[in-house]
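The lines below spell out each chain.
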Amino acid sequence: MGRFHPHLSFFRMQLIKGLQYRTAAWAGIFTQFFWGFMQIQLYRALYAAHQSTFPMALSGLVSYIWLRQAFLALLNTWSYEYELFDMILSGNVALELCRPVGLYGMWFARNAALRVSRAALRCGPILIISALLPAPWGLNPPASWGAFAAFLLSLILTLGVTCAMTLIVYFSCFYTLSSQGLRTVLDPVTEFLNGAIVPLPFMPAWLSSVLRYTPFGAMVNAPLRIYSGDIRGMELTETLLLQVFWLAALTGLGWLIQHRGLKRLCLQGG
Amino acid sequence: MIQVEHLTKSYRVSRRSGGLIKAVAALGKRDTERVVALDDLSFTVSDGEIVGYIGPNGAGKSTTIKILSGILTPDSGECLVDGRVPWRERKRHVARIGVVFGQRSQLWWDVPVIDSFDLLKDIYRVDASRYKKNLDELTGLLDLETLLRTPARQLSLGQRMRCEVAAALLHDPDLLFLDEPTIGLDAVSKLALRKFILERNRARGTTVLLTTHDMQDIEALATRVLLIGRGKLLLDGSFEDVRASLPGTGSLDEMAAALYRRYGV
Amino acid sequence: MRLYLKFVAMHLKRSMAYKQSFFMSTLGQFLISFSAFLSMWFLLSRFGTVGGYTLGECMLCAGVTLSGFSLAECFFRGFDRFSGIVKSAGFDRVMLRPRGLMLQVLCDDIEFARLGKLIQSIVMLAWGVARSPVAWTPWRALVLLLMVAGGTVIFAALFILYAALCFFTLEGLEVVNIFTHGMREYGVYPLDVYGGGILKFCTFVIPYALFQYYPLMALLGRTEHWFLGLMPMLTPLFLIPCAALWQIGVRRYKSAGS
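1. Examining the overall build of chain A
Here is step 1 of the chain: Counting its regular elements, chain A contains 12 helices and 0 strands.
Here is step 2 of the chain: Start at the N end of chain A and walk to the C end: the helices and strands fall as α-α-α-α-α-α-α-α-α-α-α-α.
Here is step 3 of the chain: Overall size of chain A, expressed as C-alpha extent along the three principal axes, is 65 × 45 × 35 Å.
Here is step 4 of the chain: Within chain A, the fraction of its 270 residues that count as buried is 55%.
Here is step 5 of the chain: Counting only contacts in chain A whose residues sit at least 6 apart along the sequence, the fraction spanning at least 24 positions is 82%.
Here is step 6 of the chain: Taken as a whole, chain A presents about 11900 Å² of accessible surface, with 70% of it coming from carbon and sulfur.
Here is step 7 of the chain: For chain A, the centre of its 18 positive side-chain charges and the centre of its 9 negative side-chain charges are spaced 5 Å apart.

This is the structure in structure tokens:
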């Protein structure tokens, strides 16, 4: 066995952990399939009656839905490791400082590993099956090779933005006694505003034009619409730049909260 | 009180091997294996005895307790507790027994202990006057006065264990199962708990079945020792007999280790 | 019943021990179902109708489904988190007490934060009643009441089904969420919106349509068969297989342990 970089090693552990639960993996795939199908049925009903006012190509929307289902674990807001909350609340996080890696980087890697490993187990079957489905239901190929490349880049940036957001929630525990309240409020709001429930183009124009410039627009919305060419040209460049900006801003903010929180903890003596 | 005859119980457990590649391979199939927990186990316990039920980890102790308390049904064998077959008449049976798990709690974590007691009163249908009498008595004996108004989460382990024991006795059970009651307790709490159990046994004739890894518990309490290993009964005798049969071992823990070695468990 | 009320009081005391977190969770619960409402509102204000139903009609439908779900969730929450009880060996404790198993599981968790959801769904129902084109008569009010009650029964049965499955496996149970939380989300629209196949499934396999689609048709005057309004009365039949599976599960637990 070769030696792994510590961050890669997290990924390997998460993958092994995920593979232990094979029934859970299949169940997850089936569940996401069903939900995706129901969504498509709903939008098809809308499309049938209102073709002229439909704000996206139906084929693009169908791809949006399947990609979201396939990469759900990568992009959702609720992929937490609950022991990390406890670690902060109990003050045991101070012990993590003994390890030879920075806390922010380590937890960022842990969260990214959690997401990537969960998605890795599930996206394959969903992508393959949904690509094989007949015309109105199936996943469509990307708009172009260029769009596909931009999609991959944007997907990685989205993972970064989402992880940075999760870390802010983790580290906010330095300041509140219980993380549960914050989570139960923040998760549904984020899920809604980032387009995971209703894609941004289907929201009222004033709302979606504001959301574009917020961190929410830099999450699932970006890669999934780039894939089908719904975002292209100048808008594409702008979207990618916004993603880079939010990744930097949220990472910076998270790191700062962590830094100050740890300082406070050390002063109080845990 | 307790008659156990030819009790047998086995479980299916799945085997998994380490490593990423093996984990991928295991997606296809999974090996299961039968593990015998109890193998033709027989013993009897008479009214008013305090029996120490000992054996190494995984010997089948908690399986026995679970069968005797009506949680599990054995594969085969007979078992009568005070004339009842535990798993066939669960409700009638558990109303007459008390169980304390040292590592688990039956108190509500966030509310004052007295509220948990009050709820148990209703669960066990203890009438008001009897409840009051028992509560006063237990409060006195276990020194709970100041603890009753405190939420369970704020109690120390020793304080909580005293409350757990009281909770298990509110309905006057004739039979008490104690599963590692002194685990993690400090010396003072251990002594207090042992004293209480002895007194309860003398005053009321409550039969006690005690599983523990702490040989001092056994020495202080048990009138009789049952040693179980790999699901079989290996030894049945008084603590003094066991001690005498192993001369030259110093501490109680060394004695227990020597005992396990002798039976190869 | 007395015991049940006692449990309710205990849970109330417990949630009051963490007031801040209690109010935040109430708000969170509110937001979760609010997003279902908001997406419906966005879509229908953009398009006007879905599958021929107006916003008012969909609101009525959503109010019924969400009220049924929240009522069931309020009372049967213990079953919803049953996998946790089995995993932590808490079911041993349940078995050690001289009371009915179902009653105890029922009492295991009563979450008041869910009242937020319930109040919201009732508000939506009221709004749907006001906005829908239905001319209200005592008969139609009765049908509406039956629909909410039928929804509660169906969701309660599904929670029991979920708990029963915990005895067989603790893995992959999120599939059942399709039928509970999934139905809460998708059941805000009349079921025929999703096509005939889904409607058939929801009639014969898991009979949501009994409390949702069919009586709704009677309510909206889209059918001549008045008896469709009484379809929710058939929902208790669905409890039978679910409760039977629970019994089988308990027997299995007794023979296999956890």
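2. Focus: the pattern of salt bridges
All names here are of chain B.
Here is step 1 of the chain: Counting across every chain of the model gives 29 salt bridges over all chains.
Here is step 2 of the chain: The partner of Glu164 in a salt bridge is Arg160, with the nearest N and O atoms 3.6 Å apart. Placement of the pair is Glu164 and Arg160 together in helix H6 (residues 157-169), with a separation of 4 residues, close to one helical turn.
Here is step 3 of the chain: Accessibility expressed as a relative area gives 12% for Arg160, which makes it buried.
Here is step 4 of the chain: Put simply, Asp217 and Arg194 hold a salt bridge, and the shortest N to O gap is 2.7 Å. With Asp217 in helix H8 (residues 215-221) and Arg194 in helix H7 (residues 187-204), the pair connects residues that are 23 residues apart, well separated along the chain. Accessibility assignment for this pair places Asp217 and Arg194 in one class, buried.
Here is step 5 of the chain: One continuous salt-bridge network, built from bridges that share partners, spans Arg130, Glu137, Asp172, Arg200 and Arg204.

3. Concerning the nonpolar core
Here is step 1 of the chain: Membership of the largest hydrophobic core comes to 257 residues, with the highest contact counts inside it found for A:Trp107, B:Phe117, C:Phe82, C:Phe91, C:Tyr189, C:Tyr208 and C:Trp246.
Here is step 2 of the chain: Ranked by the residues each element gives to this core, the list is headed by helix H8 (residues 138-166) of chain C, at 15 residues.
Here is step 3 of the chain: Once residues within four sequence positions are removed from consideration, C:Trp246 is found in contact with C:Phe79, C:Phe82, C:Phe91, C:Leu101, C:Met102, C:Val105, C:Ile160, C:Ala163, C:Ala164 and C:Phe167.

4. Things to note about the packing of helix H2 (residues 19-47) of chain C against helix H3 (residues 55-80) of chain C
Residues and elements named next belong to chain C.
Here is step 1 of the chain: Where H2 meets H3, the axes come as close as 10 Å, and the angle between the chain directions of the two elements is 165°. In terms of their interaxial angle, H2 and H3 are classed as roughly antiparallel. As for the relative orientation of H2 and H3, their crossing is right-handed in sense. Residues Phe37, Met40, Trp41 and Leu44 of H2 pack against Leu55, Cys58, Met59 and Ala62 of H3.
Here is step 2 of the chain: Tallied by class, the residues present in the contact of H2 with H3 amount to 8 nonpolar, no polar and no charged.

5. Overview of the interface of chain C and chain A
Here is step 1 of the chain: The partner chain A presents 40 residues to the 31 residues of chain C that form the contact.
Here is step 2 of the chain: Both faces combined, the contact of chain C with chain A buries some 3200 Å², and carbon together with sulfur accounts for 72% of it.
Here is step 3 of the chain: Applying the counting criterion to the chain C and chain A interface returns 0 salt bridges.
Here is step 4 of the chain: Where chain C touches chain A, the interface holds 7 residue pairs in polar contact (both at pLDDT 80 or more).
Here is step 5 of the chain: Residue assignment for the side of chain C that touches chain A shows that the elements contributing at least two residues are H2 and helix H9 (174-186) of chain C.
Here is step 6 of the chain: The element contributing the most residues to the side of chain C that touches chain A is H2(C), with 14 residues.

6. With respect to a nonpolar patch on the surface
Residues and elements named next belong to chain C.
Here is step 1 of the chain: Residues Trp139, Leu142, Trp226 and Phe227 make up a contiguous nonpolar surface patch of roughly 430 Å² in combined accessible area.
Here is step 2 of the chain: Along the chain, Trp139 falls in helix H8.
Here is step 3 of the chain: Judged by relative accessible area, Trp139 falls into the partly exposed class, the value being 33%.

7. Section: unusual backbone geometry
Residues and elements named next belong to chain B.
Here is step 1 of the chain: Unlike most non-glycine residues, Asp143 shows phi in positive territory, near 60°.
Here is step 2 of the chain: Within the secondary structure layout, Asp143 lies in the loop between helix H5 (128-142) and H6.
Here is step 3 of the chain: On the basis of relative accessibility, which here comes to 51%, the residue Asp143 falls in the exposed class.

8. Examining the environment of C:Leu144
Residues and elements named next belong to chain C.
Here is step 1 of the chain: Tracing the backbone through its elements, the reader meets Leu144 in helix H8.
Here is step 2 of the chain: Put simply, Leu144 and Leu125 are 19 residues apart on the chain and 9.8 Å apart in space, counted from C-alpha to C-alpha.
Here is step 3 of the chain: Aside from chain neighbours lying at most four places away, what touches Leu144 is Leu60, Val64, Leu125, Val129, Trp136 and Leu219.

9. Digging into the sheet that holds strand S6 (residues 175-179) of chain B
All names here are of chain B.
Here is step 1 of the chain: Across the sheet, which stays open at both edges, the 6 strands sit in the order S5-S6-S7-S3-S8-S9 with mixed pairing between neighbours. Two strands close off the open sheet at either side, each with one partner strand: strand S5 (97-101) and strand S9 (232-237). The sheet shows a mean angle of 15° between the axes of neighbouring strands, taken without regard to direction.
Here is step 2 of the chain: One ladder, built from 5 bridges, connects strand S8 (residues 224-229) with S9; its direction is antiparallel. By the bridge assignment for S9, Leu226 is matched with Asp236.
Here is step 3 of the chain: Lying on the sheet, helix H2 (residues 61-68) is in contact with strand S3 (50-54), S6, strand S7 (207-211) and S8; it crosses S7 at an angle near 150°.

10. Quick word on the packing of helix H4 (residues 113-123) of chain B against helix H1 (residues 2-16) of chain C
Here is step 1 of the chain: Viewed as axis vectors pointing N to C, H4(B) and H1(C) meet at an angle of 165°, and their least axial separation amounts to 10 Å. Overall, the two elements H4(B) and H1(C) adopt an arrangement that is roughly antiparallel. Crossing angle aside, the handedness with which H4(B) passes H1(C) is left-handed. Judged by residue contacts, B:Asp115, B:Ser116, B:Asp118, B:Leu119, B:Asp122 and B:Ile123 of H4(B) engage C:Arg2, C:Leu3, C:Lys6, C:Phe7, C:Met10 and C:Lys13 from H1(C).
Here is step 2 of the chain: For the contact of H4(B) with H1(C), a count of residues per class yields 5 nonpolar, 1 polar and 6 charged.

11. A short note on the packing of aromatic side chains
Here is step 1 of the chain: Within this structure, the stated rule accounts for 49 aromatic pairs over all chains.
Here is step 2 of the chain: Pairing C:Phe79 with C:Trp246 gives two aromatic rings, centres 5.5 Å apart and planes at 70°, and the pair type is edge-to-face. With C:Phe79 in helix H3 and C:Trp246 in helix H12 (residues 239-256), this residue pair connects regions lying 167 residues apart in the sequence. For the pair C:Phe79 and C:Trp246, a shared accessibility class is recorded, and that class is buried.
Here is step 3 of the chain: Among the aromatic side chains, those forming a connected cluster through ring pairs are A:Tyr80, A:Tyr82, A:Phe85, A:Tyr104, A:Trp107, A:Phe108, A:Tyr170, A:Phe171 and A:Phe174.
Here is step 4 of the chain: Note that A:Arg183 overlies the ring of A:Phe85, its terminal NZ or CZ placed 4.7 Å from the centroid.
Here is step 5 of the chain: The aromatic ring of C:Phe69 is capped on one face by C:Arg184, whose charged end is 5.4 Å from the ring centroid.

12. Looking at the confidence of the model for chain B
Here is step 1 of the chain: With 93% of its residues at a pLDDT of at least 70, chain B reaches an overall mean of 88.
Here is step 2 of the chain: Confidence estimates for the predicted assembly give a pTM of 0.82 and an ipTM of 0.84.

13. Observations concerning the side chain of C:Gln104
Here is step 1 of the chain: Relative to the elements of secondary structure, C:Gln104 occurs in helix H6 (residues 101-108).
Here is step 2 of the chain: Excluding residues within four positions of it along the chain, C:Gln104 makes contact with C:Val94, C:Arg97 and C:Arg99.

14. A closer look at the side chain of A:Arg68
Residue and element names in this part refer to chain A.
Here is step 1 of the chain: The topology assignment puts Arg68 in helix H3 (residues 58-70).
Here is step 2 of the chain: In this structure, Arg68 is buried with no salt-bridge partner, the nearest side chain bearing the opposite charge being Glu191 at 7.1 Å.
Here is step 3 of the chain: Separated by 3.0 Å, the side chains of Arg68 and Gln69 make a polar contact.
Here is step 4 of the chain: Ignoring any residue separated from it by four or fewer positions in sequence, one finds Arg68 in contact with Gln39, Ala196, Ile197 and Leu224.

Cut-offs applied
Just so you know, the residues in each chain are numbered from 1, in the order the chain's sequence is written. Each chain gets a letter, beginning with A, and each ligand a number, beginning with 1, in the order they are written. Restriction of local features to residues with pLDDT of at least 70 applies here, the model being predicted, together with a cutoff of 80 or more for giving and counting side-chain atom pairs; totals for whole chains, interfaces and linings are based on all residues. No hydrogens and no water enter the side-chain calculation; it runs on all heavy atoms of the structure. A run of H or I in DSSP counts as a helix once it spans at least four residues, and a run of E counts as a strand once it spans at least two, with each numbered from the N terminus. When a residue's accessible area, from a 1.4 Å probe over protein chains only, is under 20% of the maximum for its type it is buried; when over 50% it is exposed; and in between it is partly exposed. Whether two residues touch is decided by their heavy atoms; if any such pair falls within 4.5 Å, the residues are in contact. Each accessible area is a Shrake-Rupley result for a 1.4 Å probe, and residues are judged covered by the shown protein chains and nothing else. In this tally, Asp and Glu contribute negative charge and Lys and Arg positive charge; neither His nor the terminal groups of the chain are included. Here the site of a charge means NZ on Lys, CZ on Arg, CG on Asp, or CD on Glu. Salt bridges, as used here, are contacts in which a Lys or Arg side-chain nitrogen is within 4 Å of a carboxyl oxygen on Asp or Glu. Put simply, a nonpolar core is a bunch of buried Ala, Val, Leu, Ile, Met, Phe, Trp, Tyr and Cys residues held in one set by side-chain atoms that sit within 4.5 Å of each other. To get an axis, fit a line to the C-alpha atoms, keeping to the stretch in contact for a helix; angles then go from 0 to 180 degrees between the N-to-C directions. Reported orientations rely on four angle classes, namely roughly parallel under 35 degrees, roughly antiparallel over 145, roughly perpendicular from 65 to 115, and oblique for the rest. What makes a crossing left-handed is the near helix being turned counterclockwise from the far one by less than a right angle; a clockwise turn instead makes it right-handed. By the convention adopted, Pro, Cys, Tyr, Trp, Phe, Met, Ile, Leu, Val and Ala count as nonpolar, Lys, Arg, Asp and Glu as charged, and the other residues, Gly among them, as polar. When two components associate, each loses some accessible surface as probed by a 1.4 Å sphere; the sum of these losses over both components is called the buried area. Polar contacts, as counted here, are pairs of nitrogen or oxygen atoms within 3.5 Å of one another; within protein the pair requires one atom able to donate a hydrogen and one able to accept it, and residues that are adjacent in sequence qualify only if both atoms are side-chain atoms. Think of a patch as exposed residues, more than 30% relative accessible area, with no salt bridge, where like charges cluster within 9 Å and nonpolar side chains (Val, Leu, Ile, Met, Phe, Trp, Tyr) cluster within 5 Å. One bridge is not enough; two strands pair if DSSP finds at least two bridges between them. Any two of the Phe, Tyr and Trp rings considered here, Trp counted by its six-membered ring, make a pair once their centres fall within 6.5 Å; the pair's planes then place it as stacked at under 30 degrees, edge-to-face at over 60, or tilted in between. Here, a charge over a ring is recorded when the distance from Lys NZ or Arg CZ to the ring centre is within 6 Å and its angle to the ring normal is within 35 degrees. Within a predicted model, pLDDT stands for the predictor's per-residue confidence, ranging from 0 to 100.

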